[in-house]
Amino acid sequence: MRPILPLLSSLVLLAAPLAAQSVQPVAFDVYGFRPGATLREVSSAVRELDGGALRCDRSRLDTRVNECRATLSMADVSGPVELWMSAIDSVSGVLTLAGNFAPDEFDALRARLERRFGQVNAQVQGPQWMMQWVNSGRMMRLTWRAQQGVKSASLSLVDGRVLDNWQAPRRAGAAPSSKGKKAPAKAAPAGVVVEQKGGD
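Asks: Is there a simple way to think about the environment of Ser73 in this case?
Replies: Here Ser73 shows up in the loop between β2 (65–72) and β3 (81–88). In this structure the C-alpha to C-alpha distance between Ser73 and Asp50, which are 23 residues apart in sequence, comes to 5.8 Å. Those residues in contact with Ser73 that sit more than four places away from it in its chain are Leu49 and Asp50.

In structure tokens:
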């Protein structure tokens, strides 16, 4: 598993322009997930998709940060779908769904996203394609590549405000907690298993 804090810090650079936008918000809700959802909401959606308990690793350096994961079963996807989420103060900053889609399954997903959130240009870099929707500090990004008869795809839901608010004290030189002490961790909601990990 990748270290939590360096990954989030790199995503803040991506999300910084998002937080400055002020257009009418659009809820990028897909499969019951949305940017900025609470741990409780994500855990509930995971259970609806037969994912069992949402398992989270809490950072030792900043107990506000959890990296969570689950494996989901979806009626319109033949294979398992992996969920990864970076949550700050029990709110999702980045949530990614990834799996191998049959060509018709992927085409149906793409058509559904374009129908609900509008058509955007697809961009290509080497073998990988990408489509991106941005609105009111939130971003949804669909990436995919064809391999061995399937579309290997991921859908990321990013809340720029969550990431920006987490990074703001760091830009000002403030530590995650005062006097070298770690802030107390919040209790995990029902259906969420949190483990303490070192080295993050």
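There is more to say after this.
Asks: Mind showing me how you'd approach the pattern of salt bridges here?
Replies: Charged atoms that come close allow side chains of opposite charge to pair. A complete count under the given rule lists 6 salt bridges for this structure. Here Arg69 makes a salt bridge to Asp57, at a shortest N to O gap of 3.3 Å. Placement of the pair is Arg69 in strand β2 and Asp57 in strand β1 (residues 54–58), with a sequence separation of 12 residues. Arg69 sits in the partly exposed class, given a relative accessible area of 24%. In this structure, the salt-bridge partner of Arg112 is Asp76, at a minimum N-O distance of 3.4 Å. One end of the pair, Arg112, is in helix α3 (residues 103–117); the other, Asp76, is in the loop between β2 and β3, with 36 residues separating them in the sequence.

Asks: What is the right way to look at the packing of aromatic side chains in this model?
Replies: Overall, the coordinates contain 3 aromatic pairs when judged by the stated rule. Note on Phe28 and Phe117: the rings are 5.3 Å apart at their centroids and 75° apart in plane angle, and the pair reads as edge-to-face. Separated by 89 residues along the polypeptide, Phe28 in the loop between α1 (4–19) and α2 (39–48) and Phe117 in helix α3 bring together distant segments of the chain. This pair shows no difference in class: Phe28 is buried, exactly as Phe117 is. Site record: aromatic cluster; members linked through ring pairs are Phe106, Trp129 and Trp144.

Asks: Please explain unusual backbone geometry as it appears in this structure.
Replies: Most peptide bonds take the trans configuration, and most residues that are not glycine carry a negative phi. Of note in this structure, Ser90 is not a glycine but carries a positive phi near 65°. Along the polypeptide, Ser90 turns up in the loop between β3 and β4 (91–101). Take Ser90: its relative accessible area is 21%, and that puts it in the partly exposed class. In this structure, Ser136 is a non-glycine residue whose phi angle is positive, near 50°. Note that Ser136 resides in the loop between β6 (128–135) and β7 (138–147).

Asks: Would you take a moment to explain the environment of Asp76 for this structure?
Replies: Exposure remark for Asp76: the relative accessible area of 35% places this residue in the partly exposed category. Expressed as a C-alpha distance, the spacing of Asp76 and Ala102, which sit 26 residues apart in the sequence, is 9.9 Å. Setting aside residues up to four positions removed in sequence, Asp76 forms contacts with Tyr31, Glu105 and Arg112. There is a polar contact of 3.4 Å between the side chain of Asp76 and the side chain of Arg112.

Asks: For this particular structure, what's the right way to read the nonpolar core?
Replies: Where a protein is soluble and globular, its nonpolar side chains tend to be buried together. Of all hydrophobic cores here, the largest spans 36 residues; its most connected members are Phe33, Leu54, Leu72, Leu83, Met85, Leu113 and Met140. Contact partners of Met85, with chain neighbours within four places excluded, come to Leu39, Val42, Leu54, Asn66, Glu67, Cys68, Ser92, Val94 and Leu95. Counting 8 residues, the second largest nonpolar core, distinct from the first, contains Val94, Val158, Val162 and Trp166.

Asks: Explanation requested: the pairing of β1 in the structure shown.
Replies: Working note: regular strand, side chains alternate between the two faces of the sheet. Along β1, 4 of the 5 residues are buried, which leaves the element largely enclosed by surrounding structure. Sheet topology note: the β1/β2 ladder contains 4 bridges and is antiparallel. If you follow Cys56 over to β2, its bridge partner there is Cys68. Counting the residues in the hairpin turn of β1 and β2 gives 6 residues.

Reading the values: rules and limits
- Residues numbered from 1 in each chain as written.
- Predicted model: local features only at pLDDT ≥ 70, side-chain atom pairs only at ≥ 80, totals over all residues.
- Heavy atoms only, no water.
- Helix = DSSP H or I, 4+ residues; strand = E, 2+ residues; numbered from the N terminus.
- Contact = heavy atoms within 4.5 Å.
- Salt bridge = Lys/Arg side-chain N within 4 Å of Asp/Glu carboxyl O.
- Buried < 20%, exposed > 50% of the residue type's maximum accessible area, 1.4 Å probe, protein only.
- Phe/Tyr/Trp six-rings, centres within 6.5 Å; stacked < 30°, edge-to-face > 60°.
- Polar contact = N/O pair within 3.5 Å; in protein donor to acceptor, adjacent residues only side chain to side chain.
- Core = buried A, V, L, I, M, F, W, Y, C linked by side-chain atoms within 4.5 Å.
- Pairing = 2+ DSSP bridges.

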